Each structure stands twice: as structure tokens, then as C-alpha cells.
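Descriptive analysis of the structure
Here's the letter readout for the chains.
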Amino acid sequence: MAGTDIFQLLEKDHREVEQLFQRILSSRGEQTTGMGSPMALMNQLAHMLKAHMAAEERTLYASLMDNSKTREIVNESRKEHEEARGLINEVAASQSNVLISRVEVLQQAIQHHVQEEEGRLFREARQVIDQQMASQIGSRFEQEKSREMGMGGTART
Ligand SMILES: [Fe+2]
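Attention here is on the structure that accompanies the text.

Thresholds, definitions, all that
- Residues numbered from 1 in each chain as written.
- Predicted model: local features only at pLDDT ≥ 70, side-chain atom pairs only at ≥ 80, totals over all residues.
- Core = buried A, V, L, I, M, F, W, Y, C linked by C-beta atoms within 7 Å.
- Buried ≥ 20, exposed ≤ 12 C-beta atoms within 10 Å, placed from the backbone.
- Helix = DSSP H or I, 4+ residues; strand = E, 2+ residues; numbered from the N terminus.
- Contact = placed C-beta atoms within 7 Å.
- Expected span 1.5 Å × (residues − 1).
- Bend = angle between axes of the 7 residues up to and from the residue.
- Axes fitted to C-alpha atoms, helices over the stretch in contact; angles between N-to-C directions.
- Parallel < 35°, antiparallel > 145°, perpendicular 65-115°, else oblique.
- Nonpolar A, V, L, I, M, F, W, Y, C, P; charged D, E, K, R; others polar.

The subject of this paragraph is the nonpolar core. Counting 27 residues, the largest nonpolar core has Ile6, Leu60, Val91, Leu106 and Phe141 as its most contacted members. Listing elements by their share of this core, those giving two or more residues are helix 1 (6–26), helix 2 (38–65), helix 3 (71–92), helix 4 (96–128) and helix 5 (131–149). No other element matches helix 2, which puts 10 residues into this core. Excluding residues within four positions of it along the chain, Ile6 makes contact with Thr59, Leu60, Ala134, Ile137, Gly138 and Phe141.

Here is the structure:
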């Protein structure tokens, strides 16, 4: 989307992720296999989360690493991404009887990360990134993310 900055794009993804978590958690008790099953929805979410995190690290986080004012918060955020990847892999390897409880653990970790990001990280980032840069980082984020989305996993049309 032209004229959309990195902050708006990340917020849009965050809302999408929250909705997908809701769908997965409200599908508990429904059929356990096939499309629309908790596991199928979770695979979709895992693929999207991984693409989002990789693209974010290569664009916004990389820019913020260059600045001593934002380096610390970015290092914390990267650690949270690592933890999230670990939890995503655990969820993906889950039997259906423990799937929902692990999804809930992942949801809480992501929720915490999103709050930190939209709060402190965005606030600090806006002090070192001007609007023009925020738009440029936004376009690069979109390119990186669609490239990641096209690689492996459950590509959707
Ligand atoms: Fe993030």
C-alpha cells in the first residue's frame, strides 16, 4: 500500500494475528483435522508470524540497531522473537490434546511482545526515524514479508 508507513503496517499485522488467535481458540472442540481445524489455522498463523518477524528484523529492527538510542530495546525485542519461534515450533509439534493450551501460551507471549512493541519500541523508534524513512522501511517490510510468505509452508491464494 503506497504511503503506508512501517508502524501502520505492523499494527495491521498485529490486529490480524489477534483475530487469528481468537479464531483458533474459538474453534476448540470442533473437528480436529482438515481445513478450518485448530491445527490448520495454527499452521496458517505460524507461517504468517514467521514471515512477519523475519521481515521486521530485516527492516525496522536493522535500522534501529544502527542507532545507540534504540539498540537496547531492539535487542530485547529480538529475544522475544526468538522465544516466540521456540513456542511456535512447540505448538507445531503438539498432539491435538495439548494444542489449545500451547496456543494460549504462545498467544500470551505474542500479546506481551505486541504491547511492548506498539508502546515503548514505537515511541523510541519515532524519535530516530522520520516519516520519510518510516515509509521507506514500510515498503521494504512489505517486499520482505511477501517473499517470506511465498517460501515453504502453507502458501495461500
Ligand atoms: Fe515484533
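Back to the write-up after that little detour.
On to helix 4. Counted at 1.5 Å a residue, the expected span for helix 4 with its 33 residues is 48 Å, and the 45 Å between its end C-alpha atoms agrees. When the local axis directions of helix 4 are compared, the greatest deviation, roughly 40°, occurs at Phe122. Residues of helix 4 that are buried include every one of Val103, Leu106, Gln107, Ile110, His113, Glu117, Leu121 and Ala125, and no others.

Here Gln136 lies in helix 5. Between the C-alpha atom of Gln136 and that of Ile6, which follows or precedes it by 130 residues, the distance is 7.9 Å.

Moving on, we get to the packing of helix 1 against helix 5. Viewed as axis vectors pointing N to C, helix 1 and helix 5 meet at an angle of 45°, and their least axial separation amounts to 7 Å. As judged from the angle between their axes, helix 1 and helix 5 are oblique. Only Ala134, Ile137, Gly138, Phe141 and Glu142 of helix 5 make contact with helix 1, whose side of the interface consists of Ile6, Phe7 and Leu9. When its residues are assigned to classes, the contact of helix 1 with helix 5 shows 6 nonpolar, 1 polar and 1 charged.

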